[in-house]
Amino acid sequence: LKESNAREQSLQNEVACKEQEVLQVRSDLEGEKLIRIAAENQIKEEMKQMEADLKESNAREQSLQNEVACKEQEVLQVRSDLEGEKLIRIAVKNHMKEEMKQMEADLKESNAREQSLQNEVASKEQEVLQVRSDLEEERLERIAVEKHMKKAMKQMEAVLKESNAREQSLQNEVA
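Conventions adopted
Residues numbered from 1 in each chain as written. Predicted model: local features only at pLDDT ≥ 70, side-chain atom pairs only at ≥ 80, totals over all residues. Heavy atoms only, no water. Helix = DSSP H or I, 4+ residues; strand = E, 2+ residues; numbered from the N terminus. Buried < 20%, exposed > 50% of the residue type's maximum accessible area, 1.4 Å probe, protein only. Salt bridge = Lys/Arg side-chain N within 4 Å of Asp/Glu carboxyl O. Expected span 1.5 Å × (residues − 1). Bend = angle between axes of the 7 residues up to and from the residue.

Participant: Even after reading the chapter, I still don't get the environment of K108, so can you show me in this structure?
Facilitator: Within the fold, K108 resides in helix 1 (residues 2–174). Here K108 falls in the exposed class, since its relative accessible area comes to 69%. C-alpha of K108 to C-alpha of V128: the two residues are 20 residues apart in sequence and 30 Å apart in space.

Participant: I keep staring at the pattern of salt bridges and nothing clicks. Help me out?
Facilitator: Opposite charge on two side chains allows them to pair when their charged atoms are near. In total, this model carries 13 salt bridges according to the counting rule given. Here E21 makes a salt bridge to K18, at a shortest N to O gap of 3.6 Å. Highlighted residues: E21 and K18, both in helix 1, separated by three residues, approximately one helical turn. Here E21 falls in the partly exposed class, since its relative accessible area comes to 41%. The class of K18 is partly exposed, set by a relative accessible area of 42%.

Participant: Can you help me understand the environment of V159 in this one?
Facilitator: Tracing the backbone through its elements, the reader meets V159 in helix 1. A relative accessible area of 53% means that V159 is categorised as exposed. Considered as a pair, V159 and D81 are 78 residues apart in the sequence and their alpha carbons are 78 Å apart.

Participant: Sorry if this is basic, but what is going on with helix 1 here?
Facilitator: Think of an α-helix as 3.6 residues a turn; residues three or four steps apart then line up on the same face. Look at helix 1: only 146 Å from first C-alpha to last across 173 residues, short of the 258 Å you get at 1.5 Å a residue. The largest bend in helix 1 is about 30°, located at S110.

Shown next as C-alpha cells:
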C-alpha cells in the first residue's frame, strides 16, 4: 500500500509537472503566435509598400517609355528637317552662284556710286557730330534752367510763407 501510495504520489507530482510544462508550452505557443502575427503584419506592410513602389516604378517607366517614343518622333522630325535643309542649301548654293556672277557686274557699277556715297557719309558724320554737340549744349542749358527754376521756386515758397505769416500776424492784430 505504501508503495502504491508512493507511486500514486510520484504520478501526481509527474502530472503536476506535466501540467506546468503544458502551461509553459501553451504560453510559448501564444508568444510564437503573437510573434508570427506581428511578422505577418510587418510582411503585409512591406508588401503594400513594395506594391506602391512597384506601381510608382511602373508609372515612371511608362513615363520614360512615352518620353522615349516622343523623342524618337522628334528625332525623325529633325532628320526630316535636316534632309529638307540639305536640299534647300544645295538649291541656294546653285542660286547663289548665279547671283554672284550678276553681283560682280553690279559691284563694278556700285563701286562708283559707293565713292560718291562715302563722300556724302563723311559730310553727314560731321553734321551728326555738330548736331550732337548742339544737343549736349541744349541739355546743359536745360539743366541749368531747371536748377535755376527750382531755386527760384524755393525762394518764392519762402517769401510766400513769410507773407502768410505777416498776414496772419496782421489778422491777429486786427482781431
